[in-house]
Amino acid sequence: MKQILTVFKFTYLDALRKKAFIITTALLIALIFVVCLIPTLIDLFSGDNGSESIPETGEGILIPDTTEIPDDTNDPDEYVPSQTCYYFDSSSLFPEGFDALELFLFDTKVILADSTHNIEDIREIIKTDDSVFLVEITDMEGLPFVSLTTKDFMSSVSTSYVMDILDNAYRDMKLNELGVTEETLNVINTTLPYSVSSAGMLDITSYIVGILATLLIFFAVYYYGYGVAMSVATEKATRVMETLIVSAKPSRILIGKCLAMGALGLTQLGAVILSAVIGFCTFIPKDFTVMGAPLSLASIPVSSLVLLIVYFLLGYTLYAFLNSVCGATVSKIEDLNSAMMPVMFIALISFYIGYFSAISASETSIIQKIATYVPFTSPFIMPYKLLTSNVPTLDIILSVIFLIAAIAVVSFVSIKLYSASVLHYGKKLKFKDAYKTKL
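Here the structure is a predicted model, which means the values were calculated and not measured. (Residues numbered from 1 in each chain as written. Predicted model: local features only at pLDDT ≥ 70, side-chain atom pairs only at ≥ 80, totals over all residues. Heavy atoms only, no water.)

**Q** Account for the overall build of the protein, naming residues and giving values.
**A** Along the protein, the regular secondary structure elements total 15 helices and seven strands. Scored against the burial criterion, the 439 residues of the protein give a buried share of 43%. For the protein, the proportion of contacts with a sequence separation of at least 24, taken over those separated by at least 6, is 77%. (Helix = DSSP H or I, 4+ residues; strand = E, 2+ residues; numbered from the N terminus. Buried < 20%, exposed > 50% of the residue type's maximum accessible area, 1.4 Å probe, protein only. Contact = heavy atoms within 4.5 Å.)

Following this line, the structure appears as C-alpha cells:
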C-alpha cells in the first residue's frame, strides 16, 4: 500500500502542476460561465424575461378555418385519432375551451374529464405514452389558467397550437358576452396564462445536462486514460521506469498511476460541476424558459449525480488499465498513438452505441438494454438515462456488477502484460510470453 500511495502522490501532483491541466480546467470553467451568461444576454437584448411563450396579438393565429378530416383515410368513420387529450375543468370556468379543442384538434380525441376521472392516474399514463396529454383549467384572478401536462418537452403535442386554439376560444366567448363595445378591444388582446410540465423525468434541463454529462464523461475517460498511457510510455522511453522498478513492484506502479490519473480527472470533473452550479444559480434568470419549459436544477435528483460520478470512476478505471498496457508496449513515445488504436476504437464505438441508443431509442429498445449491461458501453449510456428517465434499480445494480467484474478481469490481465512489457525493449513481446511472466 505504501508503494501505491507513493506512486499516486508523485503522479497526481506532477500532473496537477502541468500547464495543460491548468489551462484546460480554466478554459472549461470560462466556457461554462459564458454559456450561463447567454440567457442573461438574451433577456438584456430582447427586453423581456425570456419566459414569454404566447405569441403577441396579430402574429399569425394557427387555428385553421376548416374542419376537414385529415387525408390518411378515405372513410371518416374509420378514422382513428393518433392522440388523446383529457380536458379537466372541474369548476366549468371555460367549457368553450373543450368545444374548441374538439373542433380544431383533428388528430386528437378530446375527453371531458370530471370527478369520476383520477387525474393522477391520467398523469401515470402520460409518463409512458407520448400520445396522451392533459389540459387542466383553474382560476387565476378571474382568468382561466391552463396547465398542460405532456410526457416530456420533446412530446409531439404542439403547446403553441393548443394555446392558440384556447386563446381564440376565450376571445370569442368574451366577445359574445360583451357585444360590439369598446371593451371588445381589450378582450382581443387577452392571452391566457399557462404552464407546461412533464409527467416524466425528461425535461429540458435534464435533457441538456444528460447530453453534456455523457460527452464530458467520454472526454474525461478518453483524456485521462490517454494520460496514463503517456505517463507510462514517457517513463519507459526516458528509462525512468528502470529506477522505479527497483523501489516498487510493476503492479503497484500501475495501480498507483491509474488511481492518480483517476483522482486528477475527478478533481477536474468536480471543478466543472461546481462551476456549472455556481454559473447556473448566479447568471441564469429564475424564470428563463427554453421551448416554454423552465430551466431548473431541482428536477435533477442528487442520487443521479452520485451515480454519475460512480460510472465515471468505473468507466475510467476500465479504460485506464487498457491504456496502461498500450503505454508499456512501446519503446518510443512516437509509437503510442498507433499502439492505442485498438483501445480508441473500442472507446469510440462504445460511446456512439451508448450515446445514440440513449437519446434516440425507446426505453424498451433491445440495443439500449444490451448497452446498459455491457461494461464498455454502460459508462456512456447510464449517465443520460439516470438524468432523464426512471431507471429500474435492478438495471443499475446489474450494470455496476458487470462493470466491476470487467474491471477485475481487465486489471488482472493488464497487470500481467504491464509487468512483462514495461522493461522490454526492441522486438515486440508475444502475448503468450508476456502473460506467462511472473509478477
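**Q** Let's hear about the pairing of strand β3 (residues 132–140): which residues, and what values?
**A** The pairing of strand β1 (residues 83–88) with β3 spans five bridges and is parallel. Its bridge partner lying in β3, tyrosine 86 is registered against leucine 134. Inspection of the sheet shows β3 paired to strand β4 (residues 143–150) by seven bridges, in the antiparallel sense. Looking at the pairing, isoleucine 137 lines up with valine 146 of β4. Between the end of β3 and the start of β4, which pair antiparallel, lie two residues, with glutamate 141 showing a positive phi angle near 55 degrees. (Pairing = 2+ DSSP bridges.)

**Q** Tell me about the pattern of salt bridges, residues and numbers included.
**A** Counted under the stated rule, the structure contains six salt bridges. For lysine 174, the salt bridge goes to glutamate 177, with nearest N and O atoms at 3.2 Å. One end of the pair is lysine 174 and the other is glutamate 177, both in helix α5 (residues 159–178) and three residues apart, which spans about a single turn. By relative accessible area, which is 21% here, lysine 174 ends up partly exposed. A single salt-bridge network, built from bridges that share partners, covers Glu120, Arg123 and Glu136. (Salt bridge = Lys/Arg side-chain N within 4 Å of Asp/Glu carboxyl O.)

**Q** Summarise unusual backbone geometry; cite the residues concerned and give the values.
**A** Here the phi dihedral of serine 92 falls at roughly 55 degrees; this positive angle occurs in a residue that is not glycine. Inspection of the secondary structure assignment puts serine 92 in the loop between β1 and α3 (95–104). On the basis of relative accessibility, which here comes to 53%, the residue serine 92 falls in the exposed class. You will see that glutamate 141, though not glycine, has its phi angle at about 55 degrees, which is positive.

**Q** Before we move on, can you summarise helix α1 (residues 2–16) with the specific residues and values?
**A** Think of an α-helix as turning once every 3.6 residues; residues three or four places apart then point the same way. Relative to the 21 Å expected for 15 residues at 1.5 Å per residue, α1 spans 21 Å between its end C-alpha atoms, a close match to the ideal helical length. Those residues of α1 that sit buried are Ile4, Val7, Thr11, Tyr12 and Ala15. Relative to the axis of α1, the buried residues are bounded by an arc of 120 degrees and lie together on one face. For α1, exposure combined with an orientation more than 90 degrees from the buried face picks out Lys2, Lys9 and Phe10. (Expected span 1.5 Å × (residues − 1). Arc of directions from axis to C-beta.)

**Q** Account for the packing of helix α12 (residues 366–373) against helix α13 (residues 378–388), with residues named and values stated.
**A** It is at 7 Å that the axes of α12 and α13 come closest, and there the two elements cross at 115 degrees. As far as their axial angle goes, α13 and α12 are roughly perpendicular. By crossing handedness, the relation of α12 to α13 is classed as left-handed. Residues Gln368, Ala371 and Thr372 of α12 pack against Ser378, Ile381, Met382 and Lys385 of α13. Of the residues contributing to the contact of α12 with α13, the split by class is three nonpolar, three polar and one charged. (Axes fitted to C-alpha atoms, helices over the stretch in contact; angles between N-to-C directions. Parallel < 35°, antiparallel > 145°, perpendicular 65-115°, else oblique. Left-handed = near helix turned anticlockwise from the far one by under 90°. Nonpolar A, V, L, I, M, F, W, Y, C, P; charged D, E, K, R; others polar.)

**Q** Account for the packing of helix α10 (residues 302–329) against α13, naming residues and giving values.
**A** Two elements in contact, α10 and α13, have axes whose closest approach is 9 Å; the angle formed by their N-to-C orientations is 175 degrees. One finds that α10 runs roughly antiparallel with respect to α13. Along the contact surface, α10 presents Ser304, Leu305, Leu307, Leu308, Tyr311, Gly315 and Tyr319, while α13 presents Ser378, Pro379, Phe380, Met382, Pro383, Leu386 and Leu387.

**Q** So what's going on with the pairing of β1? Which residues, and what values?
**A** For a regular strand, the rule is simple: side chains alternate between the two faces of the sheet. Most of β1 is tucked away: six of the six residues are buried. Burial along β1 is two-sided: the face carrying Gln83, Cys85 and Tyr87 and the face carrying Thr84, Tyr86 and Phe88 are both buried. Pairing of β1 with strand β2 (residues 108–113), which is carried by six bridges, proceeds in the parallel orientation. The partner of cysteine 85 across the bridge, within β2, is valine 110. A crossover links β1 with its parallel partner β2, the connecting element being α3, and its sense is right-handed. (Right-handed = clockwise from strand over helix to strand, strands pointing away.)

**Q** Go over a nonpolar patch on the surface, please, and point to the residues and values.
**A** Together, Leu266, Ile273, Val277, Ile309 and Leu313 make up an exposed nonpolar region whose accessible area comes to about 320 Å². Counting only elements with at least two residues in the nonpolar patch, the list comes to α9 (250–283) and α10. The element best represented in the nonpolar patch is α9, accounting for three residues. Among the structural elements, leucine 266 can be located in helix α9. Classification of leucine 266 by relative accessible area gives partly exposed; the value is 33%. (Patch = residues over 30% accessible without salt bridge, like charges linked within 9 Å, V, L, I, M, F, W, Y side chains within 5 Å. Areas by Shrake-Rupley, 256 points an atom, 1.4 Å probe, with all protein chains shown as cover.)

**Q** Explain the environment of tyrosine 87 residue by residue, including any values.
**A** Here tyrosine 87 shows up in strand β1. When the C-alpha atoms of tyrosine 87 and leucine 134 are compared, they prove to be 6.2 Å apart, with 47 residues separating the residues in sequence. Ignoring sequence-local partners within four residues, the contact set of tyrosine 87 consists of Phe94, Gly97, Phe98, Leu101, Val110, Ile111, Leu112, Ala113, Val135, Ile137 and Leu166. There is a polar contact of 2.7 Å between the side chain of tyrosine 87 and the backbone oxygen of phenylalanine 94. (Polar contact = N/O pair within 3.5 Å; in protein donor to acceptor, adjacent residues only side chain to side chain.)

**Q** Could you give an account of the packing of aromatic side chains, with specific residues and numbers?
**A** Under the criterion given, the structure shown has 15 aromatic pairs. A centroid spacing of 5.0 Å and a plane angle of 85 degrees characterise the contact between tyrosine 223 and tyrosine 224, whose relative ring orientation is edge-to-face. For the pair tyrosine 352 and phenylalanine 356, a centre-to-centre distance of 5.8 Å together with 15 degrees between the ring planes defines the contact as stacked. Of this pair, tyrosine 352 and phenylalanine 356 both sit in helix α11 (residues 336–360), four residues apart, which is roughly one turn of that helix. The exposure class of tyrosine 352 is partly exposed, given its relative accessible area of 44%. (Phe/Tyr/Trp six-rings, centres within 6.5 Å; stacked < 30°, edge-to-face > 60°.)

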